[in-house]
Amino acid sequence: MGSIAERASGDLVLERLRSALRVDWKEYVALVAERTDGRPFAVLAAIVLSQNTNDKNSIRAYERLRAMVGLKPEDVVNADFHLLEDAIRPAGLSRQKARTLKELAMKVIEWGGEEYLLREDPNVLREKLLSVPGVGPKTADVFLSLVRKAPGVFAVDTHAARIARRWGLVRDKAGYEETSRALLQFFGEGRSEEAHRLLIALGRTYCRARNPLCSECPVKDLCPSAQLQS
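Parameters and conventions
- Residues numbered from 1 in each chain as written.
- Predicted model: local features only at pLDDT ≥ 70, side-chain atom pairs only at ≥ 80, totals over all residues.
- Heavy atoms only, no water.
- Salt bridge = Lys/Arg side-chain N within 4 Å of Asp/Glu carboxyl O.
- Helix = DSSP H or I, 4+ residues; strand = E, 2+ residues; numbered from the N terminus.
- Buried < 20%, exposed > 50% of the residue type's maximum accessible area, 1.4 Å probe, protein only.
- Axes fitted to C-alpha atoms, helices over the stretch in contact; angles between N-to-C directions.
- Contact = heavy atoms within 4.5 Å.
- Nonpolar A, V, L, I, M, F, W, Y, C, P; charged D, E, K, R; others polar.
- Core = buried A, V, L, I, M, F, W, Y, C linked by side-chain atoms within 4.5 Å.
- Parallel < 35°, antiparallel > 145°, perpendicular 65-115°, else oblique.

Caption draft 1: Quick look at the pattern of salt bridges. Counting across every chain of the model gives 18 salt bridges. When the shortest N-O distance is used, the salt bridge between R126 and D141 registers 2.7 Å. Here R126, found in helix α9 (residues 122–130), pairs with D141, found in helix α10 (residues 137–146); they are 15 residues apart in sequence, far enough to count as distant. Here the two residues R126 and D141 agree in accessibility, since each one is buried.

If you want it as structure tokens, here you go:
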């Protein structure tokens, strides 16, 4: 099948995606947290809420968390567990995510507060975040890419993973780290946050899991999977 990298550069593909797709910050919970609150822990909490659900549900949960509990680590630590669980219920897996938020909030305070999230070396911080139960590589990488502007990470969600496979950048059973490295290499360092958002938009609009709209896709002439459909 080949790879999209044999047909085009990451620069060309990124330009096509920029021209064809709209990224509205109000439709991404991490961007909502960054734009409306800005606190690093608030963004981190929003990313946790986005796990295994869509942004519409996680945005509802985030807004309830702000109103019912608060968005500082101390707010979450001091909140009654059942209140926290109820606040974030729209995001699903509320008990699991409430435990993660509690543990994460306690760790951030233990590490020195929210300023720690902004000053620690990104590689060290990634390992620290991954040590918290319930925080996986995608959660850590979205935070590092969005808040810390770390150039050497590429967050991979279900859309990005699916597109990377269809583009031939990775094998069908590639894991998270392999897919992340392949997308980072293709698009180049310093572009991962923008490319990640555009891949989500591409996956939602055209490169859907079921019934993809290959004939309407802005990179249909470059995508090896789309060529097989034509």
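Next comes the rest of the write-up.
Caption draft 2: Here's a closer look at the packing of helix α2 (residues 29–36) against helix α4 (residues 55–68). The geometry of α2 relative to α4 is characterised by a closest axis approach of 9 Å and an angle of 35 degrees between their N-to-C directions. The residues of α4 that touch α2, namely those facing V29, V32, A33 and T36, are D55, S58, I59, Y62 and R66. Class assignment of the residues belonging to the contact of α2 with α4 gives a composition of five nonpolar, two polar and two charged.

Caption draft 3: Seen up close, the nonpolar core. In terms of nonpolar packing, the biggest core is built from 82 residues, with V13, W167 and F187 touching the most fellow members. Counting residues per element, this core draws most heavily on helix α3 (residues 40–49), which supplies nine residues. With near-sequence residues (within four places) excluded, W167 lies in contact with G2, S3, I4, V13, L17, F186, F187, L199, L202, V219, C223 and P224.

Caption draft 4: Here's a closer look at the side chain of T100. Along the chain, T100 falls in helix α7 (residues 94–111). Its relative accessible area of 4% is what places T100 among the buried residues.

Caption draft 5: The packing of helix α11 (residues 158–166) against helix α13 (residues 192–205), seen in detail. Viewed as axis vectors pointing N to C, α11 and α13 meet at an angle of 80 degrees, and their least axial separation amounts to 8 Å. Overall, the two elements α11 and α13 adopt an arrangement that is roughly perpendicular. Residues H159, A160, R162 and I163 of α11 form the contact with α13, whose participating residues are L199, I200, L202, G203 and R204. Residues of the contact of α11 with α13, tallied by class, amount to five nonpolar, two polar and two charged.

Caption draft 6: Representation of unusual backbone geometry within the structure. Phi is positive for N52, which is not a glycine, with a value near 55 degrees. By secondary structure assignment, the location of N52 is in the loop between α3 and α4. The phi dihedral of L93 is positive, around 50 degrees, even though this residue is not glycine. Within the element layout of this structure, L93 appears in the loop between α6 (81–87) and α7. Overall, L93 belongs to the partly exposed group, its relative accessible area being 44%.

Caption draft 7: Structural view of the environment of A182. Mapped onto the secondary structure, A182 falls in helix α12 (residues 176–187). Separated by 28 residues in the primary sequence, A182 and F154 place their C-alpha atoms 9.0 Å from one another.

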